[in-house]
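The chain contents come next:
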Amino acid sequence: MSLTTPVLPTPAFVSAGTRNVRGYLMHNSRQSCVSRFSTSSPSLKDITVTFIEPDGNEVTATGEEGTNLMELAHENDVDLEGACEGACACSTCHVILDDKIYDELPEPTDEENDMLDLAFGLTDTSRLGCQVLLTPEMEGMRIKLPSATRNFYVDGAKPAHH
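If you're wondering where the values come from, they're calculated on a predicted model, not measured in any experiment.

K.L.:
Could you clarify how one ought to interpret the overall build of the chain in this entry?
P.N.:
Helices and strands together make up the secondary structure of the chain, namely three helices and seven strands. When each of the 162 residues of the chain is scored for burial, the buried share is 36%. By sequence separation, contacts in the chain at least 24 residues apart represent 62% of the contacts at least 6 residues apart. With an accessible surface of roughly 9,800 Å², the chain has 50% of that area assigned to carbon and sulfur atoms.

K.L.:
Looking at this structure, how should I read the environment of Ile47?
P.N.:
Residue position: Ile47 is located in strand β3 (residues 46-52). On the accessibility criterion, Ile47 (1% relative accessible area) is buried. As a C-alpha pair, Ile47 and Glu139 span 92 residues in sequence and 5.2 Å in three-dimensional space. Residue contacts for Ile47: discarding those within four places in its chain leaves Ala61, Thr62, Gly63, Glu64, Glu65, Leu134, Thr135, Pro136, Met138 and Glu139.

K.L.:
Would you mind going over the pattern of salt bridges with me for this structure?
P.N.:
Working definition: two side chains of opposite charge can pair if their charged atoms are close together. The tally for this structure, following the rule as stated, stands at two salt bridges. As a salt-bridge pair, Glu58 and Arg142 come within 2.6 Å of each other at their nearest N and O atoms. Highlighted residues: Glu58 in strand β4 (residues 58-64) and Arg142 in strand β7 (residues 142-144), separated in sequence by 84 residues. A relative accessible area of 45% means that Glu58 is categorised as partly exposed. Looking at Arg142, the relative accessible area reads 35%, which means it is partly exposed. Arg127 is the salt-bridge partner of Glu112, the closest N and O atoms lying 2.8 Å from each other. With a gap of 15 residues between them, Glu112 in helix α3 (residues 110-116) and Arg127 in strand β6 (residues 126-128) connect regions that are remote in the sequence.

K.L.:
Whenever I open this one, the pairing of β3 confuses me. Can you help?
P.N.:
Look at any regular strand and the pattern is simple: side chains alternate between the two faces of the sheet. In terms of burial, β3 is largely enclosed, as five of its seven residues are buried. Bridge count for β3 against β4 is seven bridges, and the pairing is antiparallel. Residue Ile47 lies in a different strand from β4, and its bridge partner there is Gly63. The hairpin formed by β3 and β4 contains five residues between the paired strands, and Gly56 there has a positive phi angle of roughly 95 degrees. Bridge analysis of β3 against β7 gives three bridges, and the strand direction is parallel. In the strand pairing of β7, Thr50 is matched with Arg142.

Calculation rules
- Residues numbered from 1 in each chain as written.
- Predicted model: local features only at pLDDT ≥ 70, side-chain atom pairs only at ≥ 80, totals over all residues.
- Heavy atoms only, no water.
- Helix = DSSP H or I, 4+ residues; strand = E, 2+ residues; numbered from the N terminus.
- Buried < 20%, exposed > 50% of the residue type's maximum accessible area, 1.4 Å probe, protein only.
- Contact = heavy atoms within 4.5 Å.
- Areas by Shrake-Rupley, 256 points an atom, 1.4 Å probe, with all protein chains shown as cover.
- Salt bridge = Lys/Arg side-chain N within 4 Å of Asp/Glu carboxyl O.
- Pairing = 2+ DSSP bridges.

Pasting the structure below:
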């Protein structure tokens, strides 16, 4: 007797780079607390933001609308950890946003709030970078990184970015 996993057909509306994993549609191999998909479209805009690292170094980064802040940071060699790779299962991609932008974002999910409770240096405008998607309103936004993170897997270790 052999066990096989049924292969489900992929609907035509699923974009390239999206795959079915354990019943979840995954885009770019990232799963987040809330299913969010970025698709390539000529109407998507490039948004430029500035990350402020704990040492005061500023890194300007430009990303496509719909990209999350953690991925944008990794693409631009910003020292933002992301130990769970965007699965909303840690608080190592904790960022601190401007009041104005924070107020315009959708409320954090319960799962994100649970992870934020574990974050080092939590503020009233803290969010997880993996859960914040770039929008045109964020153009020019300044994103502060906390002075430390809490990685309960190996405190102090930083995984290699993929």
